[in-house]
Amino acid sequence: MRLMKHWQPVIERFQKKLTIWKSKTLSFGGRLTLIKSVLGNLPTYFMSLFVAPAGIIDKLEKLRRNFLWGGSEGNSKIHWVSWNKIIANKSDGGLGVGSIKAFNTALIVKWWWRFRSEPESIWAKAISSIHNLQGKPDHILSLKTLPGVWNNIACSKKDLDKCGITINMVMEKQSTNEGDDLKWTCPLSSNGNYQVNTSRRKLDSCSSVDIGRFEWVKEIPIKVSTFTWRAKQERIPTFVALSKRGVNVTSTMCYHCGEVEETSDHMLIQCSYAKTIMKWILKWCNIQPENISTVHDTLDYASNWGNCPKKKRRLLGIFYGTMWSIWKSRNDTVFNNKRLQPMKLMDIIMSTLFIWVKYKGKCDSIRWSDWCLNPFIGL
Ligand SMILES: [Zn+2]
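Rules and cut-offs
- Residues numbered from 1 in each chain as written.
- Predicted model: local features only at pLDDT ≥ 70, side-chain atom pairs only at ≥ 80, totals over all residues.
- Helix = DSSP H or I, 4+ residues; strand = E, 2+ residues; numbered from the N terminus.
- Buried ≥ 20, exposed ≤ 12 C-beta atoms within 10 Å, placed from the backbone.
- Contact = placed C-beta atoms within 7 Å.
- Axes fitted to C-alpha atoms, helices over the stretch in contact; angles between N-to-C directions.
- Parallel < 35°, antiparallel > 145°, perpendicular 65-115°, else oblique.
- Nonpolar A, V, L, I, M, F, W, Y, C, P; charged D, E, K, R; others polar.
- Domains from an automatic or database assignment.
- Arc of directions from axis to C-beta.
- pLDDT = per-residue confidence, 0-100.

A. Region of interest: the overall build of the protein chain. Regarding its fold elements, the protein chain presents 19 helices and 2 strands. Taken along the three principal axes of its C-alpha coordinates, the protein chain extends 80 × 55 × 35 Å. In the protein chain, which comprises 379 residues, the proportion classed as buried is 34%.

B. Region of the structure containing the environment of I127. Structurally, I127 can be placed in helix α7 (residues 122-130). The class for I127 is buried, based on 20 C-beta atoms found within 10 Å. In this structure the C-alpha to C-alpha distance between I127 and W150, which are 23 residues apart in sequence, comes to 9.0 Å. For I127, the contacting residues outside a window of four places in its chain are F115 and W150.

C. How the structure looks around the packing of helix α12 (residues 222-232) against helix α17 (residues 309-336). Where α12 contacts α17, the axes come no closer than 9 Å and their chain directions differ by 80°. Taken together, the axes of α12 and α17 are roughly perpendicular relative to one another. Two secondary-structure elements touch here, α12 through V224, S225, F227, T228 and A231 and α17 through Y320, G321, M323, W324 and W327. For the contact of α12 with α17, the residue count by class is 7 nonpolar, 3 polar and no charged.

D. Representation of the domain arrangement of the protein chain within the structure. Domain annotation for the protein chain reports domain 1 (4-80), domain 2 (103-204) and domain 3 (222-373). Between the C-alpha centres of domain 1 and domain 3 the distance comes to 32 Å. Tallying the contact residues gives 7 residues for domain 1 and 6 residues for domain 3. Taken together, the residues that form the side of domain 1 that touches domain 3 break down as 4 nonpolar, 3 polar and no charged.

E. Helix α2 (residues 28-37), seen in detail. For α2, every residue scored as buried is listed here: F28, R31, L32 and I35. One side of α2 carries all its buried residues, which in axial view fall inside an arc of 105°. Where α2 is buried, its residues meet α4 (54-68) and α12.

F. Inspection of unusual backbone geometry at higher detail. In this structure, N286 takes a positive phi of about 60° despite not being glycine. Here N286 lies in the loop between α15 (272-285) and α16 (295-303).

G. Structural view of the environment of D210. Tracing the sequence through the fold places D210 in the loop between α11 (196-204) and α12. The sequence separation of D210 and D92 amounts to 118 residues, and the corresponding C-alpha distance is 8.4 Å.

H. Structural view of the confidence of the model for the protein chain. For the protein chain, mean pLDDT is 87; residues scoring 70 or higher make up 90% of the total. The secondary structure element of the protein chain with the lowest average pLDDT is helix α8 (residues 149-155), at 74, and the one with the highest is helix α14 (residues 264-270), at 97.

I. Region of interest: the packing of α2 against α12. Look at α2 against α12: their axes get within 7 Å of each other, and the N-to-C directions meet at 100°. In terms of axis orientation, α2 runs roughly perpendicular to α12. Touching F28, G29, L32 and T33 of α2 are I222, K223 and T226, all from α12. For the contact of α2 with α12, a count of residues per class yields 3 nonpolar, 3 polar and 1 charged.

J. Representation of α12 within the structure. Burial runs high along α12: 9 of the 11 residues are buried. Listed as buried for α12 are V224, S225, T226, F227, T228, W229, R230, A231 and K232. Elements in contact with the buried residues of α12: α2, α14, α16 and α17.

K. Region of the structure containing the environment of I56. Its place among the elements puts I56 in helix α4. It is 9.6 Å that separates the C-alpha atoms of I56 and K5, two residues lying 51 residues apart in sequence. Look past the residues within four positions of I56 in its chain and what remains in contact with it is M4 and W7.

In structure tokens, the structure reads:
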């Protein structure tokens, strides 16, 4: 299984699945959800028994990368954010897609767990017998001279080592409540059982990325949250950002005011158009923040606002929805030559947020008339 040709069926299956989904018809949030779920479509037989060669992992990651950014092989689009930020855990500020390498290692390490925690099972006894390991189950983990599949499994130890994860961090023996019996538990997971996803996240967290904190709000659609996540990093296709990446734009000036270059911070926060909207939004929320001039400042303000976590998340959601709506309105102006009056856009923002909070946030009882007076209603 070290040969690339043996993995060709895996590549083909992956490719086929992504082709069927048609990246062009989906939003960024939709494509993100699909590249996460495509891991579940990898043949687990291959991934749980064999360490995939680096070339295969690269090929699979490239297919996911191109799909996310709306391209295909031979038709590469701009990749706005580095892949390590996309795969990084949400708790580390990433998009939580998870790497295929970590997934592969976590699946393989599960065999160690099963071998130790199920010593009485027929297969564990058979393996012990074949490899002459009776009475020394610990050795199975590091014996690289083992033949066959167990060689692969033993070799994955080096992938854990690279992340500073020891065997004892994956499994340790603890006494049970019933008496002196010892049983294996997995310190990585909260319930003590080995979980592939928990291990994968642990493995992914070892490659640090500098993104900063980002909070996800459940009532806000993923396409809106990911837009804000990108805007915070200046990674949305503004005129300035496109021009920096070699795209020919007629002008880099802001389409609304025409006075300043169009960056994320200008278009979403500093432009007179955005300022008017944000002033009304803040009035609606009954708050008066100071010194807010960037997307980062705005999100930072909301993240540290007040003492009620629910209200804080609602405020963040309102800011995400507002910035996304300003971006949509900007696109309508640029591509369709439709210019929305700020008052009209404000109406759209309030009603869109109302629908998200009421239905996605499961606040069925809130009424439109109350919502217009107080966006923190129902908390
Ligand atoms: Zn402007």
